[in-house]
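Observations on the model geometry
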Amino acid sequence: MSDTPIYSQLVKHHKLDYSPFHTPGHKCAGFFPPELLSLDLTELPDTDALYEASGIILEAEKNLAELFGAKRTLISGSGCTLAIQTMLRLASQRGGKILFARNIHRSAVNAAALLGIEPVWVMPYSDSGLFTGRVKPEDIEQALKKDSDITACYVTSPDYYGELTDIKALSEICHSYGAHLLVDNAHGSHLAFTNKNLHPIHLGADMSACSLHKTLPVLTGGAVLNIANEEYVDRAKQAMSLFGSTSPSYPIMASIDLCCDYLRNGGTGKYREAEERVGRIKLHAKKNGLIQPDGECDPLRVCINTSCAGIKGNEQTEFFHRHKIEPEFCDGSNAVFICTPFNSEKDFTRLETAIDDFGNRVDVRLGLSQDKNTIKLPESVMTPREAVFSKNENVPVNSCCGRIASDSACPCPPGIPVIMPGERIDEDVISRLLNSGIETIRCAEN
Ligand SMILES: Cc1ncc(COP(=O)(O)O)c(C=O)c1O
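The structure contained in this document is the topic of the report that follows.

How each quantity is defined
Residues numbered from 1 in each chain as written. Predicted model: local features only at pLDDT ≥ 70, side-chain atom pairs only at ≥ 80, totals over all residues. Heavy atoms only, no water. Buried < 20%, exposed > 50% of the residue type's maximum accessible area, 1.4 Å probe, protein only. Helix = DSSP H or I, 4+ residues; strand = E, 2+ residues; numbered from the N terminus. Pairing = 2+ DSSP bridges. Right-handed = clockwise from strand over helix to strand, strands pointing away. 1 Å grid on protein atoms, 1.4 Å probe; cavity = no way out; pocket = protein on both sides within 12 Å on 5 of 7 lines; lining within 4 Å. Points joined across faces, edges and corners; volume = space filled by probe spheres on them. Nonpolar A, V, L, I, M, F, W, Y, C, P; charged D, E, K, R; others polar. Contact = heavy atoms within 4.5 Å.

Here we take up the pairing of strand S6 (residues 180–184). Of all five residues making up S6, five are buried, and the element is well covered by its neighbours. What you see with S6 is no split at all: His180, Leu182 and Asp184 on one side and Leu181 and Val183 on the other are buried throughout. Bridge analysis of strand S5 (residues 150–156) against S6 gives five bridges, and the strand direction is parallel. Looking at S6, one finds that Ala152 is bridged to His180. Crossover S5 to S6 through helix H6 (residues 167–176) is right-handed. In this structure, S6 lies alongside strand S7 (residues 207–210), joined through three bridges in parallel fashion. Bridging from a neighbouring strand, Val183 pairs with Ser208 of S7.

What follows is the structure in structure tokens.
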């Protein structure tokens, strides 16, 4: 037993010298000045206050709003989770229902439960069935036409695999029905700085929650809520204070400030250079026959289907560790790599070498999915709030048929959850959960 289990393991992991293709975007590459940690101060007369910002924090937020092209940008020191909670709180205050694309992160499910939101679901669609897929604009339009109580639509774009939803089309449709478009852009803060501006705020979203730390040089926990719709500006800080800590971390907030300065002074050029480099890696993977998501995708994220090269399940991580690479995520069939300018050329070369190592093993038939867009929506019998706050218990999956889930369960977060709190578990859900190795689930007590 170690006296410092967390610290010691972090030091040990660091010494492995794996190429970091995971968050945070700064990749521990020495972006921050060493004195940053010695600035772990608190809200003092001259250091402003996050929820009543009128001094230095407000000034930093104005710089960020200009950078992202937003009417108002709010700093969060508690990740994108706090930005999502704030966004949903603001939208729910308008009344009516919220339409959610089902590939939703648990932070939004939890926020919906806390706020008493009753979601209306729309399923994303994937041609290949290999990745999450995107919501189709026509499905959003149909939902809005069918239910005039829908006042907002919530989508996740990009998704974990880098697939981008057509935000421009969605925002036009939503606005024509008087609904607002809310985007969980946790993985896409950098999309304002790529060759083509693909950021949701630029494309017409009303609000967008951005996990800066995931793809930009910001300390873990640093995020923003970007607001484009004036209607939300006045209430936004108060909405955030409902969920946020009253002790926001100044090093995190200062790291956001440093990142903003970097991007305003040449950093965007570095993102564009990295985009070119990553484009060559994607091309290399394509030439080697590896399957990647199609359509418009995050230019800085590499996602390859490794099962088409016969590498699946636990073998994935072992394969990449042999190449001294730490992916962001392996779901058993696909591997995801987050690339930023803070990856070195050595990192990119290692990734290309790993791609070469798939060699002539690639057979696209091996990657084909058996599960093409067949997920049915389970019956909803309670609101998420009722289910989450019900008396609940852990139940083995193989004996929970007919029970009501009190938590969401997702085979490989953040894919498409199989079950949401308040939904009835049926045989189809059970087989999906068991197939993804989930053996127990929290259910409302009978
Ligand atoms: C799609 C998505 N949304 C929201 C979040 C929450 O972000 P954070 O960890 O910054 O709170 C995550 C985290 O992984 C995510 O993947």
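Next comes the rest of the description.
The next subject is the layout of surface pockets. If a probe the size of a water molecule is rolled over the atoms, the empty space left behind becomes visible. Quantified by volume, the second largest pocket comes out at close to 540 Å³. Considering the residues around the second largest pocket, the lining is formed by 21 residues, among which His14, Tyr18, Pro20, Lys27 and Cys28 are closest to the centre. Those elements giving two or more residues to the lining of the second largest pocket turn out to be helix H1 (5–15), strand S1 (19–21) and helix H11 (345–358). Residues belonging to the lining of the second largest pocket are distributed by class as follows: seven nonpolar, eight polar and six charged.

Moving on to the side chain of Ser211. Position of Ser211 among the secondary structure elements: in the loop between S7 and helix H7 (212–215). Once residues lying within four places of it in the same chain are set aside, the contact partners of Ser211 are Cys80, Asn185, Ala186, Ser189, Gly222 and Ala223.

The three strands lie next to each other as S9-S12-S11, forming an open sheet whose pairing is antiparallel. Each edge of the sheet is formed by a strand with only one pairing partner; in this case those strands are strand S9 (301–305) and strand S11 (329–330). The sheet contact formed by S11 and strand S12 (residues 334–338) spans two bridges and is antiparallel. In the sheet register, Cys330 faces S12, and the bridge partner there is Ala335.

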